[in-house]
Every structure is written in C-alpha cells, then in structure tokens.
Amino acid sequence: VPPAKPSLVGLSRAELSDRLGGIGVPEKQRKMRAQQLWHWMYVRGAQTFADMTNVSKDMRAELEKHFTVDWPEVVTEQISNDGTRKWLLRLPGDGVGRAHEVECVYIPETDRGTLCVSSQVGCTLTCSFCHTGTQKLVRNLTAEEIVAQILVARDRLGDWPGATPPEGAFVPTDGGRFVSNIVMMGMGEPLYNFDNVKTALLIASDGDGLGLSK
C-alpha cells in the first residue's frame, strides 16, 4: 500500500524533478528546486520542509501537502564501551498493518567510522553466524529506507555541519567525518536487492550531497 505522502528521500535528481513537475512546478524551476531539496536533505540533514529556509513559504507548503522527508524512528539505541552504537529503527509505515523494523550499527575506529546498513527486513539465507538468518524474509528495503539509515546515523552522531556530537561520542582524531565508510552487512543480503542498494549508494556517494567515497 503506497503511503498517502511519498518520501522524497532516496530519489535521483531526475526523479525529484519529475515529482516536482507532478505538483505543478514550472519546468524552468525544477532543476533549481531539485538541487535545493538535495542540499537540504543530504548536506544539512533537514527533517521537515519547514527547515528549508531558502525555499519560499508557498513552495514549502505545497511540498508539505504532497510529500515527506521523514526518517525512521529510533526505537532503541545501544552504546558499547568502545563507542559502537546500534540502533533499532522503525520504518515509516503505510498506515496499514505493522511498521517494519531494521538494525543499523556504527563502528568507530581510529582511522575511520564504519556504518553497517541493512538492505532487507529479514533474510532468505540461513548463515549460521547471523541472527537475521533465523528470521523469514519480509521484504526488500527501498532506496529511501536504505539512505535514511545513513541520515539517522549522521544525525545521532552530530555529523552534520554545525551540529554537536552527543556526550561521550567517539570523535575522529583527524577532525574528519564520523561516518566515512559504509558496509552493506546489516539485515538482509544486499545482492538480492541490488537495484535499490545501487540507487542508495549512488546517492550516498554523490559529491554534492552525503559525499562518501566511491
């Protein structure tokens, strides 16, 4: 069941432009508006259209009427002595049935910060070393839901420009970013959800947004 208001997170620039056209944004403005949204979602970490202060009030109201930029809800956060953080995330629901949950883990090291991202709810494989293998596959995650895990992690770590890291958080010794690496080793088998994983990682590695190294 599609949500009443679809999310703009996880869309390519071309898809963003098409969505804007669908709500009546003139063609000459679409590229500029799409770039504004891209910047607010992936450089500034905006969680509402109201945060996007260089977008006109009328445009923000129109966006709010049709779309969302919601992130998953953090249900629980576990923090280890070595700075590792594990989040149980509840995905935005469709209003019908139970909202699904996945895990995302941040592992800090002296030279990098690795984020372990999920690609499916459950899994079809039964690897003996993996707890997810004891669960049935429910569904693939969308590109939106994969990218949103990165956004939540950066937010919880204070990894946006001007943000303050939480007390006791591991701080990179080189003054760099908290999240510098991504591994698709959370719940699910990423190669069984290749298209959505590919789309999400192209967004994550876009130099004008999240800017993670290819």
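Sequence order sets the numbering: in each chain, residues are counted from 1 along the sequence as written. The predicted origin of the model limits local features to residues at a pLDDT of at least 70 and limits the giving and counting of side-chain atom pairs to 80 or more, whereas totals for whole chains, interfaces and linings rest on all residues. Neither water nor hydrogens contribute to the side-chain values; these are computed over all heavy atoms in the structure.

Enquirer: It is not clear to me how helix H5 (residues 194-204) should be interpreted in this structure. Could you clarify?
Expert: When we look at burial in H5, the residues that qualify are Val197, Ala200, Ile203 and Ala204. The buried residues of H5 occupy an angular sector of 125 degrees when the element is viewed end-on, so they sit on one face. Those residues of H5 that are exposed and aimed more than 90 degrees away from the buried face are Asp195 and Leu202. Partly exposed residues are those whose accessible area sits between 20% and 50% of the maximum for their type, while under 20% is buried and over 50% is exposed, using a 1.4 Å probe and protein chains only. Helix and strand definitions here come from DSSP, where helices need a minimum of 4 consecutive H or I residues and strands a minimum of 2 consecutive E residues; each element is numbered from the N-terminal end. The reported arc concerns the directions from the helix axis to the C-beta atoms and nothing else.

Enquirer: How do you make sense of the packing of aromatic side chains when you look at a structure like this?
Expert: The geometry of an aromatic ring pair comes down to the distance between the two centres and the angle between the two planes. Between rings of Phe, Tyr and Trp, where Trp is taken as its six-membered ring, a pair exists when centres lie within 6.5 Å; planes separated by under 30 degrees are stacked, by over 60 edge-to-face, and by other angles tilted. Overall, the coordinates contain 2 aromatic pairs when judged by the stated rule. Judged by centre distance (4.9 Å) and plane angle (75 degrees), the rings of tryptophan 38 and tyrosine 42 are edge-to-face. Taken together, the residues tryptophan 38 and tyrosine 42, both in helix H2 (residues 27-42) and 4 residues apart, mark about one turn of the helix. A relative accessible area of 2% means that tryptophan 38 is categorised as buried.

Enquirer: Hey, could you run me through the pattern of salt bridges in this one?
Expert: Pairs may arise between side chains of opposite charge once their charged atoms sit close together. Throughout this description, the term salt bridge denotes a Lys or Arg side-chain nitrogen within 4 Å of a carboxyl oxygen of Asp or Glu. Tallied over the entire structure, the rule returns 12 salt bridges. Note that glutamate 62 is salt-bridged to lysine 65, the shortest N-O span being 3.4 Å. Remark: lysine 65 and glutamate 62 occur in helix H3 (residues 57-66); sequence separation between them is 3 residues, near one turn of the helix. When its relative accessible area of 24% is taken as the criterion, glutamate 62 is described as partly exposed. Here the salt bridges do not stand alone but share partners, grouping Arg13, Asp206 and Asp208 into one network.

Enquirer: Hey, could you run me through the environment of valine 179 in this one?
Expert: If you trace the backbone, valine 179 turns up in the loop between helix H4 (143-156) and strand S7 (181-183). Each C-alpha atom of the pair valine 179 and proline 108 lies 8.4 Å from the other, and the pair is 71 residues apart in sequence. In this analysis, two residues are considered to be in contact whenever any of their non-hydrogen atoms come within 4.5 Å of each other. If we ignore the near neighbours within four places in the chain, the residues touching valine 179 are Tyr106, Gly113, Leu115, Arg154, Leu157, Asp159 and Leu212.

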